[in-house]
Amino acid sequence: MNTYQRQVNIDCRRPGNTPAGGHPATLHGGLRYRDGFDDRSATQALYASAARVLPAVHCTNDVTVPTTLPDRDPRMK
């Protein structure tokens, strides 16, 4: 059985979390799943999780997470 992973990286600027001359912290989130779990469902679950966590992290920049996935392009297989 194969295992797959989806990952989201969010550029979240937070007060006091950037060293002098450094870069803001990037939040990382991931989801592992196995055969039989729809790839689009995994991505949607990851987006929903990120949207729930972001308010508690207090990013100072305007971070948004998509609420829905775009329609699949019928040309892609």
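Cut-off values and rules
- In every chain, residue numbers begin from 1 and rise along the written sequence.
- Local features in this predicted model are restricted to residues of pLDDT 70 or higher, and side-chain atom pairs are both shown and tallied only at a pLDDT of 80 or more, whereas totals for entire chains, interfaces and linings draw on every residue.
- Values shown for side chains rest on all heavy atoms present in the structure; no hydrogens or waters enter the calculation.
- Nonpolar core, defined: a set of buried Ala, Val, Leu, Ile, Met, Phe, Trp, Tyr and Cys residues in which side-chain atoms within 4.5 Å join the residues together.
- Exposure classes here rest on a 1.4 Å probe applied to the protein chains alone. A residue is buried below 20% of its type maximum, exposed above 50%, and partly exposed in between.
- Strands here mean DSSP runs of E at least two residues long; helices mean DSSP runs of H or I at least four residues long; both are numbered from the N terminus.
- We call two residues in contact whenever any of their non-hydrogen atoms come within 4.5 Å of each other.
- Along the chain, pLDDT gives the predictor's confidence residue by residue, from 0 to 100.
- By this rule the span expected of a helix is its residue count minus one, scaled by 1.5 Å.

**A word on the nonpolar core**
Link 1 in the chain: Listed in full, the 9 residues of the largest apolar core are V8, I10, C12, L46, A50, L54, V57, C59 and V65.
Link 2 in the chain: Listing elements by their share of this core, those giving two or more residues are β1 (3-11) and α1 (39-57).
Link 3 in the chain: Those residues within four positions of L54 in sequence are excluded, and the remaining contacts are I10, L27, C59, V63 and V65.

**Concerning the confidence of the model for the protein**
Detailed reading of the predicted coordinates is not advisable wherever pLDDT falls low.
Link 1 in the chain: Summarising the model, the protein shows a mean pLDDT of 76, and 82% of its residues fall at 70 or more.
Link 2 in the chain: Model confidence for the protein, summarised as mean pLDDT per element, is weakest for strand β2 (residues 26-34) at 73 and strongest for α1 at 83.

**Digging into unusual backbone geometry**
Link 1 in the chain: A positive phi is found at H58, a non-glycine position, where the angle reads about 60 degrees.
Link 2 in the chain: Relative accessible area serves as the criterion here: at 57%, H58 is assigned to the exposed category.

**Examining the environment of T64**
Link 1 in the chain: If you trace the backbone, T64 turns up in the segment after α1.
Link 2 in the chain: We classify T64 as exposed; its relative accessible area is 64%.
Link 3 in the chain: T64 sits 17 residues away from Y47 along the chain, and the two C-alpha atoms are 10.0 Å apart.

**Here's the deal with α1**
Link 1 in the chain: With 19 residues, α1 extends 27 Å between its outermost C-alpha atoms, agreeing within 8% with the 27 Å of an ideal straight helix rising 1.5 Å per residue.
Link 2 in the chain: Among all positions in α1, only A42, T43, L46, A50, L54 and V57 are buried.
Link 3 in the chain: Those residues of α1 that are buried lie in contact with β1 and β2.
Link 4 in the chain: Positive phi shows up at H58, right after α1, with a value of about 60 degrees.

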